[in-house]
Amino acid sequence: MLKRRHLIVGTGAASAIASFGRTAWAQSLPGTLRIIVVVPPGATMDNIARLTADRLKDTLKRNVIVDYKVGGTGLVASGFLKNSAADGGFIMFAPLAVAAFFPFLYSKLPFEPDTDLVPVCDGVHIPHALTVSPGQNARTLAQYLDAVKADPLKGSIGTSSMSSVGALLMLRLRQLSGVESLQLVAYKGGQPLLADLMGNQIPAGVSVISDYLAQHKAERVRILATGGARRSALAPDIPTLVESGYPDLYGVSSIGFFVRGGTPAPLVQQLSSEITGVLRTPDVRARLLEMGAEPTGGSPEEFRQLVLSERARWEPVARAANIKVD
């Protein structure tokens, strides 16, 4: 005969198992997931999101749809995410800037980056590139800076986003070089900037290398230097800003995945593991590299630490330049 204390323990264990089962059921992902992209269809980020979504359908056995919330390179999407269900059903694919840079670039935000956005995992890294129009004679960074010193009008540098690492790199270049006539000109996206570069409407531009590489190879623009810590595998002949005389001048655009604050940790971890697995699949990795994006992945905590370290690194640069987006 079972003693009473055994019955109590057994009943408790059964209750715990039942409770665990209810918790696991309550924390399962919805049948349809939506990856929210912060740029228009056809952009590099969109192509990356579509490739990821296509593979997640198989690994998660769920519908995975790509949706768009364009505006402010993540500003509109982050506000939308804040008001979505905290069940992992909406996953924002956006530049790390929304969580790392927006707090010091905007005076007021419609969301709280540290609580309304939960980092899921790092997605891809894309280096930025300083590029000049075909009408410019400069073929190196040093030659470009000399040309700007001689003619300050050549110091206008278009940027696809004032909140990007590329824009911050140019602000830091101005500080380090002492060439005060280097001035950022804001564009609404990389494609309008590229069109003006090819048409000699602006002397220089900075955006992710994937925006420029094809036109650089066709000699319609000229990339002077890339912003990564090492040369891009897609353009091994192009030096970095570091190699061009500025040892501490490096940074890449990190684009990652976020869910709404309050999403249960097990769901965040599940999404992180599944997305990382997709990004590190050999054929997916190869296709991403062809797009100019280096797949990363990783844990939610690793991505959160990257957000905090990038904020600490670039906030003093923006404040010294008195840069605000709004």
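Before reading further, recall that the structure is shown in the block above.
No experiment lies behind these values; they were computed from the predicted model shown.

Caption draft 1: Structural view of the packing of helix 8 (residues 165–177) against helix 13 (residues 300–320). With their axes 10 Å apart at the nearest point, helix 8 and helix 13 run at an angle of 60° to one another. Comparing the axis directions of helix 8 and helix 13 gives the class oblique. Read as a crossing pair, helix 8 and helix 13 show a hand that is left-handed. Two secondary-structure elements touch here, helix 8 through Val165, Leu168, Leu169, Leu171, Arg172 and Gln175 and helix 13 through Trp314, Val317, Ala318 and Ala320. Class assignment of the residues belonging to the contact of helix 8 with helix 13 gives a composition of eight nonpolar, one polar and one charged.

Caption draft 2: Local environment of unusual backbone geometry. Unlike most non-glycine residues, Lys61 shows phi in positive territory, near 55°. Here Lys61 shows up in the loop between helix 2 (44–60) and strand 2 (63–68). Residue Lys61 is classed as exposed on the basis of its relative accessible area, which comes to 70%. With phi around 60°, Asn200 is a residue other than glycine that occupies positive phi space. Mapped onto the fold, Asn200 is located in the loop between helix 9 (190–198) and strand 7 (204–208). Exposure remark for Asn200: the relative accessible area of 42% places this residue in the partly exposed category.

Caption draft 3: View of the pairing of strand 9 (residues 252–260). Where burial is concerned, most of strand 9 is hidden: seven out of the nine residues are buried. Across four bridges, the pairing between strand 3 (residues 90–95) and strand 9 is antiparallel. Its bridge partner being in strand 9, Ala94 is matched across the sheet by Gly256. With nine bridges joining them, strand 4 (residues 117–132) and strand 9 adopt antiparallel strand pairing. Paired with Leu117 across the strands is Arg260, a residue of strand 9.

Caption draft 4: Representation of the side chain of His216 in the model. Tracing the backbone shows His216 in helix 10 (residues 209–217). Given a relative accessible area of 17%, His216 falls into the buried group.

Caption draft 5: Seen up close, the packing of aromatic side chains. Counted by the stated rule, this structure contains five aromatic pairs. Relative to Phe90, the ring of Phe80 lies with its centre 5.4 Å away and its plane at 75°, an arrangement referred to as edge-to-face. In this pair, Phe80 sits in helix 3 (residues 75–82) while Phe90 sits in strand 3, placing the two residues ten residues apart along the sequence. Pairing Phe101 with Phe104 gives two aromatic rings, centres 5.7 Å apart and planes at 45°, and the pair type is tilted. With respect to burial, Phe101 and Phe104 carry one shared label: buried. Sitting over the ring of Phe80, Lys69 keeps its end group 4.4 Å from the ring centre. The ring of Tyr250 has Arg313 sitting right over it, with the charged end atom 4.2 Å from the ring centre.

Caption draft 6: Region of interest: the environment of Val148. Along the chain, Val148 falls in helix 7 (residues 141–150). Look at Val148 and you get buried, because its relative accessible area is 0%. Expressed as a C-alpha distance, the spacing of Val148 and Ser181, which sit 33 residues apart in the sequence, is 7.1 Å. With sequence-adjacent residues up to four places away left out, Val148 is seen in contact with Lys154, Gly155, Val179, Ser181 and Leu182.

Caption draft 7: A look at the packing of helix 9 against helix 10. At a minimum axis distance of 10 Å, the contact between helix 9 and helix 10 shows a crossing angle of 30°. With respect to each other, helix 9 and helix 10 are oriented roughly parallel. In this structure, helix 9 crosses over helix 10, and the sense of that crossing is right-handed. Between helix 9 and helix 10, the residues in contact are Gly190, Gln191, Leu193, Leu194, Leu197 and Met198 and Asp211, Tyr212 and Gln215, respectively. Of the residues in the contact of helix 9 with helix 10, the class split is five nonpolar, three polar and one charged.

Caption draft 8: Layout of helix 8. With 13 residues, helix 8 should reach 18 Å at 1.5 Å per residue; the first-to-last C-alpha distance of 18 Å fits that figure. Inspection of helix 8 places Val165, Gly166, Ala167, Leu168, Leu169, Met170, Leu171, Leu173 and Arg174 among the buried residues, and these make up the whole buried set. With its phi angle positive at about 75°, Gly178 sits one or two positions after the end of helix 8.

Caption draft 9: Here's a closer look at the pattern of salt bridges. Using the criterion set out here, one finds seven salt bridges in the structure. Of the charged contacts in the structure, one is a salt bridge between Asp114 and Arg311, with a shortest N-O distance of 2.8 Å. Remark: Arg311 occurs in helix 13 and Asp114 occurs in helix 6 (residues 113–116); sequence separation between them is 197 residues. Residue Arg311 is classed as buried on the basis of its relative accessible area of 14%. With a closest N to O distance of 3.5 Å, Glu294 and Arg230 form a salt bridge. Here the residue Glu294 occupies a position in strand 10 (residues 294–295), and Arg230 occupies one in the loop between strand 8 (222–226) and strand 9, the gap between them amounting to 64 residues. Glu294 sits in the partly exposed class, given a relative accessible area of 32%. According to the relative accessible area criterion, Arg230 is exposed, its value standing at 58%.

Scoring rules and cut-offs
- Residues numbered from 1 in each chain as written.
- Predicted model: local features only at pLDDT ≥ 70, side-chain atom pairs only at ≥ 80, totals over all residues.
- Heavy atoms only, no water.
- Axes fitted to C-alpha atoms, helices over the stretch in contact; angles between N-to-C directions.
- Helix = DSSP H or I, 4+ residues; strand = E, 2+ residues; numbered from the N terminus.
- Parallel < 35°, antiparallel > 145°, perpendicular 65-115°, else oblique.
- Left-handed = near helix turned anticlockwise from the far one by under 90°.
- Contact = heavy atoms within 4.5 Å.
- Nonpolar A, V, L, I, M, F, W, Y, C, P; charged D, E, K, R; others polar.
- Buried < 20%, exposed > 50% of the residue type's maximum accessible area, 1.4 Å probe, protein only.
- Pairing = 2+ DSSP bridges.
- Phe/Tyr/Trp six-rings, centres within 6.5 Å; stacked < 30°, edge-to-face > 60°.
- Lys NZ or Arg CZ within 6 Å of the ring centre and 35° of its normal.
- Expected span 1.5 Å × (residues − 1).
- Salt bridge = Lys/Arg side-chain N within 4 Å of Asp/Glu carboxyl O.

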